[in-house]
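Residue strings, one per chain:
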Amino acid sequence: MSPPHVPVVIKKYANRRLYDTDRSTYITLDSLAAMVKEDRPFVVLDARTGDDITRGVLAQVILEEETKGRAMLPVPFLRKLIRWYGDSRQDEVSEYLERMMDEFIARQADASPELSSALGAENAEIIGQVMSMFTSLHAVERGVGSGPSVESLVREVMDLRAEVQRLRGDGAGATAS
């Protein structure tokens, strides 16, 4: 078996079968989900071309979890997320979501269960506000509807920055960038 820090190579064949080259056995999407939960690094390669298809396969794992009645992603969030595909700021949204998830995980490790629950609710609310803001900015950029003015959106961004600072416990409040 590979050392724990070396990613396991999973090959995906045309018949949709996944082959764990480390254990020399076929596996399922559930097996990949278990590997993620165990923090076992892996990369999924197309067996024919050698292309890295890890992202797409992980999306399949999420889809499978969502359809098993373990839904975590609210429909409004998914709709907002889909709107950003192909947008010039798609990478910004992706980076933001990754940072928020990292921060959420870090807070979970440091917080008591009661505090974690409260922070989770606050983080969910903030994520909803930010996604709403991104959607609003997108509409303003595209000239869609008679939504909020750019000035009100800038004010909203400043308010959200202040809220993030408050949640981090800096006490520094919002500062102009």
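Since the structure is predicted, the reported quantities are computational estimates derived from the model, not experimental observations. (Residues numbered from 1 in each chain as written. Predicted model: local features only at pLDDT ≥ 70, side-chain atom pairs only at ≥ 80, totals over all residues. Heavy atoms only, no water.)

Below, the discussion takes up the overall build of the chain. The number of helices and strands found in the chain is six helices and four strands. Helices (α) and strands (β) of the chain occur, in sequence order from the N terminus, as β-β-β-α-β-α-α-α-α-α. A total of 177 residues make up the chain; the buried ones form 24% of that total. For the chain, contacts bridging at least 24 residues in sequence account for 48% of all contacts bridging at least 6. Of the roughly 11900 Å² that the chain leaves accessible, carbon and sulfur atoms contribute 56%. (Helix = DSSP H or I, 4+ residues; strand = E, 2+ residues; numbered from the N terminus. Buried < 20%, exposed > 50% of the residue type's maximum accessible area, 1.4 Å probe, protein only. Contact = heavy atoms within 4.5 Å. Areas by Shrake-Rupley, 256 points an atom, 1.4 Å probe, with all protein chains shown as cover.)

Before going further, it helps to examine the pattern of salt bridges. Pairing between side chains of opposite charge can happen when the charged atoms of each approach one another. Evaluation of the coordinates by the stated rule reveals six salt bridges. Between D20 and R40 there is a salt bridge, and its shortest N-O distance comes to 3.7 Å. On the criterion of sequence distance, the pair formed by D20 in strand β2 (residues 18–20) and R40 in the loop between α1 (29–37) and β4 (42–46) is long-range, its members being 20 residues apart. With a relative accessible area of 1%, D20 lands in the buried category. We classify R40 as buried; its relative accessible area is 15%. Here D22 ties to R40 by a salt bridge, and the two come within 3.3 Å at their closest N and O atoms. With D22 in the loop between β2 and β3 (25–27) and R40 in the loop between α1 and β4, the pair connects residues that are 18 residues apart, well separated along the chain. (Salt bridge = Lys/Arg side-chain N within 4 Å of Asp/Glu carboxyl O.)

The values are spatial; any link to function lies outside them.
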